Amino acid sequence: MSKPSAAPSLSVDVLVIGSGFGGSVAALRLTEKGYRVTVIEAGRSFADEDFATSPWQVQRLLWAPRLGIHGIMRIRLRRRLLALNGVGVGGGSLAYAAVHYRPDATAFHAPGWDRTVDWAQELAPHYDRAEHMLGTTTVPGTSNGDRLLRQVADDLGVADTFHPTRVGIHLGPPGQQTSDPYFNGQGPARTGCTQCGQCTAGCPAGAKNTLVKNYLHLAERAGATIRPLTSATALHPHTDGTWHVHVRTRTTKPFQRQRPQIVAARQVVLAAGAWGTAELLHRSRPTLPGLSPALGTRTCTNRETITAVSGRRLDIGAGVAISSALRPDPNTLIQLCRVGTGAHPLTGALLPIPLPAPFRGFGRRTALLFTMERQDSTLTSHYLRGLFGRRLTFRAGTTRPEPVRLAAADALTQHFARHVQGRARRMTTTLLRIPFTAHLLGGCPLGTDPTHHVADPYHRVHGYPTLHIADASTIPANLGLNPGLTITAMAERAFAAWPQADTPDLRPRPGERYQPPSPMKVQPTPCPIPSSSASAEPASSPASHPGCCPASTSSPTASPADACSPAACSSPPSSSPPPVTEPA
């Protein structure tokens, strides 16, 4: 580590470490409140044309910076865990399938959630705001794969749980570019979804509503600065509550030495993901002796598995990456997934290895079934020295182990295979008994007790009130569904409570009794589309984006980000679909 007394090369009001869901919300909302905000991101920035158009373009897909490979997906392997996460400006939104779910209220009663807070009630308006910002809409129509999954649901007696997914994808005219349909013309031009199924490869068509196209775009317009290829390595607090953060900036060349710097900040927001934030805090413990002993606890895999069905006569059809889902039981969600057409390296990760013909047609002839389960099981992370130096490791945190197979997933996969006269397949990691997750959660639980929680309900780290956490690490339980919308809503709640720059902070001081934040108030702004024409459009059309406001509610003080926001409407039009959770 560099000495903390070294002179900083940059001074800001707020340094945000990470540009995923939580970091992007921080960048926009705090810039809007008058703070000077800089965001650092370990990965590079991407334009739509930079994303992989083939699954074999490893240099655009995977992250191996020492080899000069700077793609969008990082794979980490430990003895107890195989974890995937997005990397690059936009964080996990680059590699996620853009599927948005709201947990029902019972999810927040699971072990790990602090009962002091009524999470379901407090998060409700922030889910509205997050859905608006991310452009959430329901997948229209059904592909052949969706129809097959519905038939399987009928056979299993759970037809009432089958549903099309809600996604953050611009479902405009396929391949056609239009001006911004979401933010009153303040956002970037958008291209309609081509149904190629390559959402998790970054979306080369440009239809996926990644954070670069909403929160980060608007944050930069408002004055935030984003520094890609820059990683935080250590946190040094000062007695006045300010920070010196040690960072390293790399180039895209292989074996290039990283350049160390120090950034001075009045406040720091950790948003490096469940893995990155926990690792940085563990590494900084020598300079942060007051950190809660709960650091690393309640780490969750979301209890995920992947199975598949392949068949010579199977054709799942075109569509978004995840277009439909069902629930074989109340705690289990199984989604139909696709990865595009043609051959795919994923086929080598599934057993049994297919014959050449199915290998060539893997994308269309294979139905991937992604399962998540809401049951209580956790890991605990530690920062230990091993053969490769000090790094994050995991130990069991509960008696229930993390799954490598789920009975409900195996049963449905076998039934699907019989239904299409295909063959059921499973991940090779099941042989190695290694749990897999694409949605690592927890490690920094929120709550009022510093012994059992790393940060308070306002996301301020116990003992260090100018250090904040806003990412997946604050979700202390398996949601059993895609967590992106929840991470965004929790971050919206956290930063809505911040004061305007240079004004008194009305939140209770650390250690004082928790008080729910005041209800979110957003000044309404007019719709870009006249209200008289909005009701004539389909609900999924950008012209009738849910929550559009009549022109009479306009206010010159509102943020462009809140134009047409449900949170900005005192009385949304009756034609707007209400926020929904997935079927029970």
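Bear in mind that the values here come from a model prediction, so they are computed numbers and not experimental data.

S.K.: Can you break down the overall build of the chain residue by residue, with the values?
M.R.: Broken down by element type, the chain carries twelve helices and 26 strands. A burial count over the chain gives 57% of its 584 residues as buried. If you take every contact in the chain between residues at least 6 apart in sequence, the share linking residues at least 24 apart comes to 71%. Within the structure as shown, the chain displays about 23,300 Å² of accessible surface, and the carbon and sulfur contribution to it stands at 54%.

S.K.: Mind laying out the pairing of strand β15 (residues 259–270), listing which residues take part and the relevant values?
M.R.: When a strand is regular, its side chains alternate between the sheet's two faces. Within β15, nine of the twelve residues are buried, leaving the element largely enclosed by the surrounding structure. Across seven bridges, strand β14 (residues 243–249) lies against β15 in antiparallel orientation. Bridge pairing in β15 places His 244 opposite Ala 264. With three bridges connecting them, β15 and strand β26 (residues 464–469) associate as parallel partners. Considered in β26, the bridge of Val 269 is made with His 468.

S.K.: Talk me through empty space enclosed by the protein; I want residue IDs and the actual numbers.
M.R.: For the coordinates displayed, the defined rule picks out four cavities of 30 Å³ or more. Taken as a whole, the largest cavity encloses approximately 90 Å³ of empty space. Lining the largest cavity are 14 residues, and of these Thr 305, Ile 306, Val 404, Met 427 and Thr 430 sit closest to its centre. Of all the elements in the fold, those that place two or more residues in the lining of the largest cavity are β16 (304–310), β23 (423–427) and α10 (429–432).

S.K.: Provide a residue-level description of the pattern of salt bridges, including the pertinent values.
M.R.: Once their charged atoms are close, side chains differing in charge can pair, the charge on each being opposite to the other. If you walk through the whole model with that rule in mind, you get 21 salt bridges. For the salt bridge of Asp 13 with Arg 36, the shortest nitrogen-to-oxygen distance reads 3.1 Å. Residue Asp 13 is located in strand β1 (residues 10–17), and its partner Arg 36 is located in the loop between α1 (21–32) and β2 (37–40); the two are separated by 23 residues in the primary sequence. With a relative accessible area of 46%, Arg 36 lands in the partly exposed category. One salt bridge connects Arg 509 with Glu 512, and the closest N-O pair in it is separated by 3.1 Å.

S.K.: Summarise the packing of aromatic side chains; cite the residues concerned and give the values.
M.R.: This model, assessed by the stated rule, comprises ten aromatic pairs. Ring centres of Phe 46 and Phe 51 lie 5.5 Å apart, and the angle between their planes is 10°; on these two criteria the pair is classed as stacked. Each member of the pair Phe 46 and Phe 51 is classed as buried. Summarising the aromatic geometry, the rings of Phe 108 and Trp 113 are spaced 4.9 Å apart at their centres and angled 75° between planes, so their arrangement reads as edge-to-face. Accessibility assignment for this pair places Phe 108 and Trp 113 in one class, buried. Here the aromatic residues Tyr 35, Phe 495 and Trp 498 are joined through ring pairs into a cluster of three or more. The residue whose ring lies beneath Arg 44 is Phe 46, and the NZ or CZ to ring-centre distance is 4.3 Å.

S.K.: Got a sec to walk through the pairing of β1? Specific residues and values, please.
M.R.: Among the eight residues of β1, six are classified as buried, and the element is accordingly described as predominantly covered. In this sheet, β15 lies alongside β1 in parallel orientation, the contact comprising seven bridges. Directly across from Ser 11, in β15, lies its bridge partner Ala 264. Direction of pairing for β1 relative to β2: parallel, over a ladder of four bridges. When the sheet's bridge partners are listed, Val 16 is paired in β2 with Val 39. As a crossover connection, the stretch from β1 through α1 into β2 is right-handed.

S.K.: For the side chain of Arg 29, give the residues involved together with the corresponding values.
M.R.: Mapped onto the elements of the fold, Arg 29 is located in helix α1. Reaching out from Arg 29, the side chain makes a polar contact with the side chain of Glu 32 at a distance of 3.1 Å.

About the cut-offs
- Residues numbered from 1 in each chain as written.
- Predicted model: local features only at pLDDT ≥ 70, side-chain atom pairs only at ≥ 80, totals over all residues.
- Heavy atoms only, no water.
- Helix = DSSP H or I, 4+ residues; strand = E, 2+ residues; numbered from the N terminus.
- Buried < 20%, exposed > 50% of the residue type's maximum accessible area, 1.4 Å probe, protein only.
- Contact = heavy atoms within 4.5 Å.
- Areas by Shrake-Rupley, 256 points an atom, 1.4 Å probe, with all protein chains shown as cover.
- Pairing = 2+ DSSP bridges.
- 1 Å grid on protein atoms, 1.4 Å probe; cavity = no way out; pocket = protein on both sides within 12 Å on 5 of 7 lines; lining within 4 Å.
- Points joined across faces, edges and corners; volume = space filled by probe spheres on them.
- Salt bridge = Lys/Arg side-chain N within 4 Å of Asp/Glu carboxyl O.
- Phe/Tyr/Trp six-rings, centres within 6.5 Å; stacked < 30°, edge-to-face > 60°.
- Lys NZ or Arg CZ within 6 Å of the ring centre and 35° of its normal.
- Right-handed = clockwise from strand over helix to strand, strands pointing away.
- Polar contact = N/O pair within 3.5 Å; in protein donor to acceptor, adjacent residues only side chain to side chain.

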